[in-house]
Amino acid sequence: CVGAPWAAAAAGGRPGKPRLKVWAFGTHCAVLAEPISVMATLLGDEFEVTVEWRGARDYCGYLASDSWPVVTIDRGSPVREVLDAFHVKEEPQQLHTFTHRDTLRTPQLFEEA
């Protein structure tokens, strides 16, 4: 790309692509990873996309790729603490099953927090 911000590096200017930092919030890896993967794919030639993951669980690294930032567990950020205070995960009715059904106990109070 002629005139791209990092093109100055070739002429002795500032090296590297400009960084685009995104704060992503969600309760499931797919909810988090899908929009970030699209952003990283579409903007990857022009920006170094970095992400601060908020709300992510320990299993979220499953959706990994070399093309976009991998979801990592949120280990106790203030955002995660608020989510944990209001979040309820529905337990499966049968053994050896898994559900993605999550709810907020009191959505209005969660929004205010």
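Residues numbered from 1 in each chain as written. Predicted model: local features only at pLDDT ≥ 70, side-chain atom pairs only at ≥ 80, totals over all residues. Heavy atoms only, no water.

## Concerning the overall build of the protein
Stage number 1. Secondary structure assignment for the protein yields 3 helices and 4 strands.
Stage number 2. Seen in sequence order, the protein has helices and strands lined up from the N terminus as β-α-β-α-β-β-α.
Stage number 3. Buried positions account for 27% of the 113 residues belonging to the protein.
Stage number 4. As displayed, the protein has an accessible area near 7900 Å², and 57% of this comes from carbon and sulfur atoms. (Helix = DSSP H or I, 4+ residues; strand = E, 2+ residues; numbered from the N terminus. Buried < 20%, exposed > 50% of the residue type's maximum accessible area, 1.4 Å probe, protein only. Areas by Shrake-Rupley, 256 points an atom, 1.4 Å probe, with all protein chains shown as cover.)

## As for the confidence of the model for the protein
Stage number 1. Here the protein averages 76 in pLDDT, while 76% of its residues score no lower than 70.
Stage number 2. Put simply, strand 4 (residues 102-104) is where the protein has its lowest mean pLDDT, 79, and helix 2 (residues 78-86) is where it has its highest, 89.
Stage number 3. Predicted confidence for residues 6-13 stays below pLDDT 50, and this span has 11 contacts to residues more than four positions away or in other chains. (pLDDT = per-residue confidence, 0-100. Contact = heavy atoms within 4.5 Å.)

## What to know about helix 2
Along an α-helix, a turn takes 3.6 residues, which lines up residues three or four apart on a common side.
Stage number 1. Of the residues making up helix 2, those classed as buried are Arg80, Leu83 and Phe86. With its buried residues spanning 135 degrees around the axis, helix 2 presents them on a single face. In helix 2, the exposed positions that point more than 90 degrees away from the buried face belong to Pro78 and Glu81.
Stage number 2. Those residues of helix 2 that are buried are in contact with strand 1 (19-25), strand 3 (87-89), strand 4 and helix 3 (107-112). (Arc of directions from axis to C-beta.)

## Description of the nonpolar core
Stage number 1. Membership of the largest hydrophobic core is limited to 11 residues, which are Val22, Ala24, Leu32, Ala33, Ile36, Ala40, Val49, Val51, Trp53, Ala56 and Val71.
Stage number 2. Listed by contribution, the elements that provide at least two residues to this core are strand 1, helix 1 (29-43) and strand 2 (48-54).
Stage number 3. Residue contributions to this core peak at 4 residues, all from helix 1.
Stage number 4. Leaving out residues up to four positions away in the same chain, alanine 56 has contacts with Gly26, Leu32, Val71, Thr72, Ile73, Asp74 and Arg80. (Core = buried A, V, L, I, M, F, W, Y, C linked by side-chain atoms within 4.5 Å.)

## What about helix 1?
Stage number 1. Look at helix 1: 21 Å from first C-alpha to last across 15 residues, which is about the 21 Å you get at 1.5 Å a residue.
Stage number 2. Those residues of helix 1 that fall on the buried side of the exposure criterion are Cys29, Leu32, Ala33, Ile36, Ser37 and Ala40. Within helix 1, the buried residues cover an arc of 115 degrees as seen down the axis, which keeps them to one side. When the buried face of helix 1 is taken as reference, the exposed residues oriented beyond 90 degrees from it are Glu34 and Leu42. (Expected span 1.5 Å × (residues − 1).)

## A word on the packing of aromatic side chains
Stage number 1. All told, the structure shown has 2 aromatic pairs when counted by the stated rule.
Stage number 2. Between phenylalanine 86 and phenylalanine 110, the aromatic rings sit 5.9 Å apart at their centres with planes inclined by 70 degrees, giving edge-to-face as the arrangement. A residue pair is termed long-range when its members are at least 10 positions apart, and phenylalanine 86 in helix 2 and phenylalanine 110 in helix 3 qualify at 24 residues. No difference in accessibility class separates phenylalanine 86 from phenylalanine 110, as the two residues are buried.
Stage number 3. Here the aromatic cluster, defined as three or more aromatic residues joined through ring pairs, consists of Phe25, Phe86 and Phe110. (Phe/Tyr/Trp six-rings, centres within 6.5 Å; stacked < 30°, edge-to-face > 60°.)

## Section: the pairing of strand 2
Stage number 1. When strand 1 meets strand 2, the two strands line up parallel, connected through 7 bridges. In the strand pairing of strand 2, lysine 21 is matched with threonine 50.
Stage number 2. Crossover connection from strand 1 via helix 1 to parallel strand 2: handedness right-handed. (Pairing = 2+ DSSP bridges. Right-handed = clockwise from strand over helix to strand, strands pointing away.)

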